[in-house]
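Structural features, examined
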Amino acid sequence: MNLDELNKEQKEAVLTTNGPILVLAGAGSGKTKVLTTKIAYLIEEKGISPFNILAITFTNKAAREMKDRLVRLVGNKADYSQISTFHSFGVRILRENAEILGYTKTFSIVDADDSETLVKRILKEMDLDPKYYNPKNIRNKISSSKNDMVSSTEYDKYAFGEFEKVVSEVYKRYETKLKKSDAVDFDDLLLLPIKLFKEHPDILDKYQEKYKYILIDEYQDTNDAQYTLSKMISYKYKNICCVGDNDQSIYGFRGANYKNILNFEKDYKNAKVIKLEQNYRSTSTILDAANDVISHNKERKEKNLWSTKGTGEKITYYKAYNGRDEAFFAIREIKNLIKKGVPKEEIAIIYRTHAQSRIFEEELLRENIPYNIVGGTGFYNRKEIKDILAYLKLINNDKDDISLNRIINVPKRGIGAKTVSNIADKSNDLNISMYEAITTGKEYEFKKLIEDLKEASQSRTITELIDYVLDKTGIEQEYKNEKSIESEVRLENLDEFRTVAKSFEERDGIVSLSDFLQEIGLSTDVAVSDNKEAINLMTVHSVKGLEFDYVFIVGLEEGLFPHMNALEKGSITELEEERRLCYVALTRAREKLYLLNAKVRVKFGDETTNAVSRFIEEINPDLLDKAFKEEPSITVSEVKKINKEDVLREEGEVEYNVGDNVFHQVFGKGKVLEVNGSILSIAFPHPYGIKKLMKNHKSLNKI
DNA sequence: CGGCAATGTGTTTTT
DNA sequence: CACATTGCCG
């Protein structure tokens, strides 16, 4: 095997196959390359069976990427290694040992939405006002307790205040209901394997023998449960290779503890520590900017990341007037890049929150530029998809009260809230599932329908079953009758769902319903529709581990990036996580970075003025090339004042007529082209062009 | 029970 | 703004 492409440290990381090793790898220092080469080396040179290798990543996207790269190195053998996220690894263990833990093999997985719905139902049962006891908040508390491995019984011991007592009771009921439904949540996928291993050392031993070689990517993002799990599996042979970078720790919100990476040497005696400090990815301009930003974090180990790639182009910084202008600028630049021959897949737009994607999507659609979008108001969050999934889940596991509740009256079949709550009461009293509790009435018709679907599922493939369900339940007919654009889209989505199921079947041969449900239960995006030759849109969290030649980071404003919630709490920890997030974003680019923000942004329906992100101000101005006319910049404290004032005139409305000359605070002199109610179209000199503005806006005056 | 209108409420990030 | 929840009426 040819290792000539690796530098000295990378080579050492690959060749050290036995014993614990920690690779502290700066951004772009080739850590994925080290991991994939190392797996290939184990298989090809050390004769290790691919079955004995476990590689863990943090997102589905990263797992897919790693698998693809490994296939390129060793061919289809790669399929025999377990390369997945912690959660899908957990599903596998659970599937193989379900009965021992008191579940069946066809257990359901509830996602974050379902689990919030469950919390709401419990609050209703307890007669508590969800306005005071916020369901989302309570769900988060339960989830983070689980991630810290605090059980409901333990939580109760330390629940003192009135609110915490309630959380404790909800937590207890939540666990009972899940168990009764033969269902697990995302956190259980980590906790139950740990429980299994604690209670059954013989089973743990089996897995330790199976997974003799363990590799974990993004180790700085492990939470307590993941940390414990990886320690357990690797305990016997200690052939564990963890790769990470504390400057890229961005999952604090879900309990990640970057100290795990610092404790590695304590946990594994005589661990070898290797530092990768040469960056192969980015130009020095990009790297300098990233270093400028991250150096403002106090809680960090100094690191010396260097590049030999040359200076490259300056970073383009564009301060837009509003979100639309920001998108215009980005798309105009992207069109130029494409014209110059840059492949579309080498361009990415990255943002802090999903909500920002829409305006870029609109402009890309308008310009006919193909794009992929990762995550977001995902496919699996659409109503019609959740409905068909709930049917499939109930067919697969009739104890699944969560799914039953969702679809017992979808499409409408005259079963109202009262009936449902009667069924729920009965099921609680007799300690049976809601499905079992149904014996009479219209709901019995529903039960007969499900019985028929179950019967049908025995002799059908998933795709055939989906068609059968859509037909028998009347879901498809309902949308067909509706004949609106909305219902057309829903029908298209259902078609897409068929395609997803089909590609599963084609990949794995015949798939069992529970395998199918358990696998897609963990995916937030539709991997199948990822097309090449398209530009990429995603959040900073999803972009980690990826790289592109041209990267546009948008929405660099105080309140958005860094996000308001981190600022409001005034906690340094959270601000520093935002900064690491920015570091991750900046270091994705190989050739050129574009930093964008908007002065005015629509939020909750009305306009707010944002100050420039502190992260831009932390970058040495010599690295920036400003693509806008300089005007007095707004400081953070000034914006606080502006936001309190109303930007619109309250009285003395000004009348505008076509041809009027106006002056705008930002765009300067202009001429009114069109008056349409309270909206004016005004021509401004280059580079602003024609803008639509509100006639009562304070920034606009008649001259 | 279902439909509609009024009212309220909220947006980080992922598995 | 967009969506969820509540309240009222047929």
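Heads up: the structure comes first, above all this text.
Within every chain, residues take consecutive numbers counted from 1 along the sequence as written. Lettering for chains starts from A, numbering for ligands starts from 1, and both go in the order in which the items are written. Local features in this predicted model are restricted to residues of pLDDT 70 or higher, and side-chain atom pairs are both shown and tallied only at a pLDDT of 80 or more, whereas totals for entire chains, interfaces and linings draw on every residue. The side-chain numbers reported here are obtained from all heavy atoms of the structure, hydrogens and water having been left aside.

Moving on: the packing of aromatic side chains. Geometry of aromatic contacts follows a simple scheme: Phe, Tyr and Trp rings, the Trp one being its six-membered ring, pair when their centres are within 6.5 Å, and the pair is stacked under 30 degrees between planes, edge-to-face over 60, tilted otherwise. One pass over the full model with this rule turns up 17 aromatic pairs. When the ring of Tyr 251 is compared with that of Phe 253, the centres are 5.6 Å apart and the planes differ by 40°; the resulting orientation is tilted. Judged by relative accessible area, Phe 253 falls into the exposed class, the value being 58%. An aromatic cluster is defined as three or more aromatic residues linked by ring pairs; in this entry it consists of Phe 89, Phe 197, Tyr 207 and Tyr 211. Counting as a charge over the ring demands two things of the Lys NZ or Arg CZ atom: a distance within 6 Å of the ring centre and an angle within 35 degrees of the ring normal. It is Lys 238 that lies over the ring of Tyr 235; its NZ or CZ is 4.1 Å from the centre. The side chain of Arg 254 reaches across the aromatic face of Tyr 251, ending 4.6 Å from its centre. In this scheme, a residue with accessible area under 20% of its type's maximum is buried, one over 50% is exposed, and one in between is partly exposed, where area comes from a 1.4 Å probe on protein chains only.

Residue types Ala, Val, Leu, Ile, Met, Phe, Trp, Tyr and Cys, when buried and joined through side-chain atoms within 4.5 Å, form a set referred to as a nonpolar core. Counting 66 residues, the largest nonpolar core has Ile 349, Phe 360, Ile 535, Phe 552, Ile 553, Leu 593 and Leu 595 as the members making the most contacts within it. Residue contacts are defined here by distance: any two heavy atoms, one from each residue, within 4.5 Å place the two residues in contact. Here Phe 552 is in contact with Ala 330, Glu 333, Ile 334, Leu 337, Ile 347, Ala 348, Ile 349, Ile 350, Tyr 594 and Leu 596, once residues within four sequence places are set aside. The next biggest cluster of nonpolar side chains, apart from the first, holds 47 residues, and it includes Tyr 380, Ile 415, Ala 456 and Tyr 479.

The next subject is helix H6 (residues 135-147). Only DSSP runs of H or I reaching four residues or more are called helices, and only runs of E reaching two or more are called strands; each is numbered from the N terminus. By definition here, a helix of n residues has an expected span of 1.5 Å times n minus one. Under the 1.5 Å per step criterion, the end-to-end length of H6 is 18 Å for 13 residues, consistent within 8% with the ideal 18 Å. Looking only at H6, the buried set comprises Pro 135, Ile 138, Arg 139, Ile 142, Ser 143, Ser 145, Lys 146 and Asn 147. Lining the buried residues of H6 we find helix H5 (112-125), helix H7 (152-157), helix H8 (162-180), strand E5 (183-185), helix H9 (188-199) and helix H11 (224-234). Trailing H6 by a residue or two, Met 149 shows a phi angle of about 60°, which is positive.

Inspection of the region around DNA strand C gives Lys 120, Arg 358, Phe 604 and Gly 605 as its neighbouring residues. Here a residue is considered near a molecule or strand provided that any single heavy atom belonging to it is located within 4 Å of it. A breakdown of the atoms of DNA strand C within 4 Å of the protein gives sugar and phosphate a share of 38%. At 3.1 Å, a side-chain N or O of Lys 120 approaches a phosphate oxygen of DNA strand C. Separating a phosphate oxygen of DNA strand C from a side-chain N or O atom of Arg 358 is a distance of 3.4 Å. As used in this structure description, the phrase polar contact means that two N or O atoms lie within 3.5 Å; if the pair is within protein, one of them must be able to donate a hydrogen and the other to accept it, and residues adjacent in sequence are counted only when both atoms belong to side chains.

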